[in-house]
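Below are the chains, spelled out letter by letter.
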Amino acid sequence: MSSDGHVSGPVPVGTGALVLGEFELPNGTWIPWHVHDQHQLVWASRGAAVVNVGAAHWVLPPTMALWLPEGTVHRTGASGRTALRGIYAHPARCPITWAEPRMVRISPLLRELLEYLSGDVEAEPRLRAEAVVFDVLEPVALTPIGVPMPADPRARLVAEALIADPADPRGLAEFGPLAGASERTLARLFLRDTNVTFGSWRTRARLRASLPLLAAGMPLSGVARRVGYSAPSAFVAAFRRAVGVPPGAYFGA
C-alpha cells in the first residue's frame, strides 16, 4: 500500500481478503480519476469522503461507506479534514459480488470490526473478523445525486453559474441574454444534453451542493437558505424525493 493509502497493484496475497490503511486528506483535495484491480470500501472515519462515479456523486459521513467493485473508474475527495480509510478486498477471496457501487451503513459493530482489522491481528482471529464484516456489509437503498453537465456551451454557461451559486433564483428566461439563447432553446438543450428537464437539473445541483454543508453539521435552515430553498421543509421534501430518506437519516442523526 502506498503512502496515500491506495493499493497500486493487486491486494497482497496473505491471510484473509482485506487490506486496510488510513491517510489524511485535506479539505477540498481530490485523488484524480483512477481504477483498482480489487474491490474497495470507501469510508472516512472522520470528516466526509466524496466519491464520483461518472455523473453520480456521493458524500459519505462516517456513518456511510461506498462499496466499489473492481474496475470501477472513480475519483475520491474530502469534505472537511478527512481521515480516509483504504479498505481493499481481493476479488477471488471476497464473497461480495455486487456488480455496481453500493452504499452501506457503518453500524457500530462494523466500525469496531474495521478498527480491529486495522491493527496487527493474527491469522485465525483475522479470518473470523473478516467473515463477520462480510456478513454485516448490507447495502442501503439510497440514490446517488447525479448532476450531468450539458455539452452545449450556452446551456453549460447556465449550469456553471448555478453550480457556483445554487441559490441563484434566475430562470432560463433571465439567463437567456447572457447565454445568447432563448428560454425555449435553453430548455431544449438541457433536456437533450442531460436527459432531465432544467427544473430537475437545478434541483439536483442544489441537493448536491447541500451534501458537504450537511456533512459539516450546518443547521437545516442554513443549508436550505444556502442552496436556494425558502423553507427547510421544502428542502427536506426535495431531499427525500431524490435520495430516498430525509437528510437526518442519511447523515445518521
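A few points on the structure. Computed from a predicted model, the values in this text were never measured in an experiment.

The topology assignment puts Asp152 in the loop between α2 (123–136) and α3 (153–164). Of note is the side chain of Asp152, whose polar atom sits 2.8 Å from the backbone nitrogen of Arg154.

Turning our attention to the nonpolar core. Among the nonpolar cores identified, the biggest contains 53 residues, and Leu60, Val158 and Phe235 are the most heavily contacted of them. The next biggest cluster of nonpolar side chains, apart from the first, holds 22 residues, and it includes Trp43, Ala89, Leu113 and Val133.

Moving on, we get to the packing of α3 against helix α5 (residues 183–194). Contact geometry of α3 with α5 gives a least axis separation of 9 Å together with a crossing angle of 85°. The orientation of α3 with respect to α5, classified from their angle, is roughly perpendicular. Mapping the contact onto sequence places Arg154, Ala155, Val158 and Ala159 in α3 and Thr185, Leu186, Leu189 and Phe190 in α5.

This next bit is on the environment of Ile145. Mapped onto the elements of the fold, Ile145 is located in the loop between α2 and α3. Separated by 64 residues in sequence, Ile145 and Ala209 place their C-alpha atoms 10.0 Å apart. Setting aside residues no more than four positions away along its own chain, Ile145 makes contact with Ala55, Ala56, His57, Arg204, Leu207, Arg208, Leu211 and Val243.

Quick look at helix α8 (residues 232–243) now. Every α-helical turn comprises 3.6 residues, leaving residues that sit three or four positions apart pointing alike. Across its 12 residues, α8 extends 16 Å between first and last C-alpha, which sits within 8% of the 16 Å expected from 1.5 Å per residue. Of the positions making up α8, those classed as buried are Phe235, Ala238, Phe239 and Val243. End-on view of α8: buried residues confined to an arc of 110°, all on one side of the axis. Counted as exposed and oriented over 90 degrees from the buried face of α8: Ser233 and Arg241. In the segment just after α8, Gly244 is the residue with positive phi, at about 110°.

Taken as a whole and assessed by the stated rule, the structure comprises 10 salt bridges. Residue Asp152 pairs with Arg154 through a salt bridge whose shortest N-O separation is 3.0 Å. Under the relative-accessibility criterion, Asp152 is labelled buried at 11%. Owing to a relative accessible area of 31%, Arg154 belongs among the partly exposed residues under this scheme. One salt-bridge network, held together by shared partners, links Glu22, Arg85 and Glu115.

Attention now moves to the packing of aromatic side chains. All told, the structure shown has 5 aromatic pairs when counted by the stated rule. On the basis of an interplanar angle of 65° and a centroid distance of 5.4 Å, the ring pair of Phe190 and Trp201 is categorised as edge-to-face. Of the two residues, Phe190 sits in helix α5 while Trp201 sits in helix α6 (residues 198–215), which places them 11 residues apart along the sequence. Here a set of aromatic residues connected by ring pairs shows up, and it is made of Phe190, Phe198 and Trp201. Above the plane of the ring of Trp30 lies Arg75, whose end atom (NZ or CZ) is 3.7 Å from the centre. Its end group placed over the ring of Tyr229, Arg206 keeps NZ or CZ at 5.7 Å from the ring centre.

Moving on, we come to unusual backbone geometry. Residues other than glycine seldom take positive phi values, yet Asn195 does so here, at roughly 65°. By the element assignment, Asn195 lies in the loop between α5 and α6. On the accessibility criterion, Asn195 (66% relative accessible area) is exposed.

Relative to the helices and strands, Val51 is located in strand β3 (residues 39–53). Classification of Val51 as buried rests on a relative accessible area of 0%. Residues Val51 and Ala92, 41 residues apart in the sequence, show an inter-C-alpha distance of 25 Å. The contacts of Val51, once residues within four sequence positions are left out, are Val42, Ala56, His57, Trp58, Leu60, Leu66, Leu68, His74, Arg75 and Thr76.

Conventions and cut-offs
Residues numbered from 1 in each chain as written. Predicted model: local features only at pLDDT ≥ 70, side-chain atom pairs only at ≥ 80, totals over all residues. Heavy atoms only, no water. Helix = DSSP H or I, 4+ residues; strand = E, 2+ residues; numbered from the N terminus. Polar contact = N/O pair within 3.5 Å; in protein donor to acceptor, adjacent residues only side chain to side chain. Core = buried A, V, L, I, M, F, W, Y, C linked by side-chain atoms within 4.5 Å. Buried < 20%, exposed > 50% of the residue type's maximum accessible area, 1.4 Å probe, protein only. Axes fitted to C-alpha atoms, helices over the stretch in contact; angles between N-to-C directions. Parallel < 35°, antiparallel > 145°, perpendicular 65-115°, else oblique. Contact = heavy atoms within 4.5 Å. Expected span 1.5 Å × (residues − 1). Arc of directions from axis to C-beta. Salt bridge = Lys/Arg side-chain N within 4 Å of Asp/Glu carboxyl O. Phe/Tyr/Trp six-rings, centres within 6.5 Å; stacked < 30°, edge-to-face > 60°. Lys NZ or Arg CZ within 6 Å of the ring centre and 35° of its normal.

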